[in-house]
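If you want the building blocks of each chain, they are given just below.
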2 protein chains.
Amino acid sequence: MKHHRSDDIAQLPSRFRANLINSVTGYKSCNLIGTKSSEGMANLAVFSSVMHIGSSPPLLGFILRPLTVRRDTFTNIKELGYFTVNLVSADMHHRAHQTAAKYEKDVSEFTAVGFEELYLDGFAAPYVAESTIKIGCQYKNHYSLAENGCLLVIGSIERLYYPEEIQDTDGFLRLDKTDTVAAMGMDGYALPTFLNRMSYARPESESIILPDGT
Amino acid sequence: MKHHRSDDIAQLPSRFRANLINSVTGYKSCNLIGTKSSEGMANLAVFSSVMHIGSSPPLLGFILRPLTVRRDTFTNIKELGYFTVNLVSADMHHRAHQTAAKYEKDVSEFTAVGFEELYLDGFAAPYVAESTIKIGCQYKNHYSLAENGCLLVIGSIERLYYPEEIQDTDGFLRLDKTDTVAAMGMDGYALPTFLNRMSYARPESESIILPDGT
């Protein structure tokens, strides 16, 4: 068993520390965030920090690194007021990763990596046509984290698109049925296999495994 | 393709909406947070919202639901100043799920669900002995989200324990090698299979797949 204390973590080479700390908290979501600049240029960026914030009202969030360099995604979200979150399937993850490259301002990542820019039902921000699950969001707020300058951006879920056949009768989406990937650390990808769903936990009885399609 | 707009999402039965919205953002981390009350009672609770916040300094965060009911985890964290984050392997996930049951205040979830409470190297909060990856954290701060009353709790990473054989030479942890699970929605669990790691994305060249053990 390897053991690190905070003082020796601080002494690790920065890339080694970044790989370690980014991977130790567990699997992450893997999503493409689609935005559009005030000049009409579509932008696409891979994020592993999109998270559930609440269901009523439906809210999601994501962590954005400090605004010390150009952050097109945030600038566009603030200007347009809308963005999309597009889940990444296994056959998309190489291209999704490549959106992290720092392209020139006049290059859209959609074109550069080969995804189709899609506009649906009058929504202002572009979706990724190849994503089987697409979420249209409205910017709501952001919180600056005093500890390191990162931002937590909050959006409301305004539109949802997903294949009906992946939904259990109680609303749950079986992400494994669309080969949705999970992110590991800064550059790793994994394909999860569904284990089971568990019943609501109560003190007086052990949770049981729910039947598929619950 | 099923399509929801915000107005019909709001009309969905609340449990159906919760299952849908909790699962649509992608896979999540699955962790047990260990704390201790001022009376010395150990507490353990499963969370699917633990996230990477930063590497330098090493920080993590998690989302806590509104403080409208008893939240032992948060009370204990504020009182003790420390907590642990323990990753969940496939053979632990039934018990981990069961920690969500609302046990009486004089019952420790460690005892109730059958995990061993472990204290390491003088750290004040209890670890889960069965977890192969353990993180000791110090409470740093919390942010109240005006949108729905949730809290984002921030902790610094003070201690790390993991099996040396799961670490690539550049620091990255291969969580799949310890059968770490990912969470889906409110009650689903999945076991990810490693796909690959990708090289640092640059505009002038396509990202390549890195060799294993990078």
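The numbers attached to residues start from 1 for each chain and follow its sequence in the written order. Chain A is the first chain written and ligand 1 is the first ligand written, with later ones labelled in order. Confidence filtering applies because this is a predicted model: local features only for residues at pLDDT of at least 70, side-chain atom pairs given and counted only at 80 or more, and all residues used for totals across whole chains, interfaces and linings. Think of the side-chain values as coming from all heavy atoms in the structure, minus any hydrogens and water.

**Some words on the packing of aromatic side chains**
What characterises a pair of aromatic rings is the spacing of the ring centres plus the angle enclosed by the ring planes. Residues and elements named next belong to chain B. Each aromatic pair joins two rings of Phe, Tyr and Trp (for Trp, the six-membered one) with centres within 6.5 Å, and gets the label stacked for planes under 30 degrees apart, edge-to-face for over 60, and tilted for any other angle. The full count for this structure, using the stated rule, is 10 aromatic pairs over all chains. Measuring from ring centre to ring centre gives 5.0 Å for phenylalanine 47 and phenylalanine 62, while their planes differ by 65 degrees; the resulting arrangement is edge-to-face. One end of the pair, phenylalanine 47, is in strand E3 (residues 42–47); the other, phenylalanine 62, is in strand E5 (residues 58–64), and 15 residues separate them in sequence. Note on accessibility: phenylalanine 47 and phenylalanine 62 belong to one class, buried. With centroids separated by 5.5 Å and ring planes inclined at 80 degrees, the aromatic side chains of tyrosine 127 and tyrosine 161 adopt a geometry described as edge-to-face. With tyrosine 127 in strand E8 (residues 127–128) and tyrosine 161 in strand E10 (residues 151–162), this pair connects stretches of sequence that are 34 residues apart. Tyrosine 161 matches tyrosine 127 in its accessibility class, with the two residues each being buried. Helix and strand assignments come from DSSP, with helices taken as H or I runs of at least 4 residues and strands as E runs of at least 2, each series counted from the N terminus. The buried label goes to any residue with under 20% of its type's maximum accessible area, the exposed label to any with over 50%, and the partly exposed label to all in between, with areas taken from a 1.4 Å probe on protein chains only.

**Focus on helix H3 (residues 72–80) of chain A**
Residues and elements named next belong to chain A. Taken residue by residue, H3 has Asp72, Thr73, Phe74, Asn76 and Ile77 as its buried positions. Here, two residues are considered to be in contact whenever any of their heavy atoms come within 4.5 Å of each other. For H3, the elements touching its buried residues are strand E2 (31–36), strand E3 (42–47), strand E5 (58–64), strand E6 (82–87), strand E9 (134–144) and strand E10 (151–162). Positive phi appears at glycine 81, one or two residues downstream of H3, with a value of about 85 degrees.

**Some details on the interface of chain A and chain B**
At the interface, 104 residues of chain A touch 104 residues of chain B. Throughout, the accessible surface (probe 1.4 Å) given up by two parts as they are put together, summed over both, is called the buried area. Three residues, Thr25(A), Tyr27(A) and Glu147(A), lead the burial of chain A against chain B; their summed loss comes to 9% of the area buried on that side. Throughout this description, the term salt bridge denotes a Lys or Arg side-chain nitrogen within 4 Å of a carboxyl oxygen of Asp or Glu. The tally of links between chain A and chain B comes to four salt bridges. For this analysis, a polar contact is any N or O atom pair within 3.5 Å, provided that within protein one partner can donate a hydrogen and the other can accept it, and provided that sequence-adjacent residues contribute only side-chain to side-chain pairs. The interface formed by chain A and chain B contains 64 residue pairs in polar contact (both at pLDDT 80 or more). The pairing criterion for strands is at least two bridges between them, as found by DSSP. As defined by bridge partners, strand E1 (residues 2–5) of chain A adjoins E10(B) across four bridges and the pair is classed as antiparallel. Counterpart to Arg5(A) in the pairing with E10(B) is Arg159(B).

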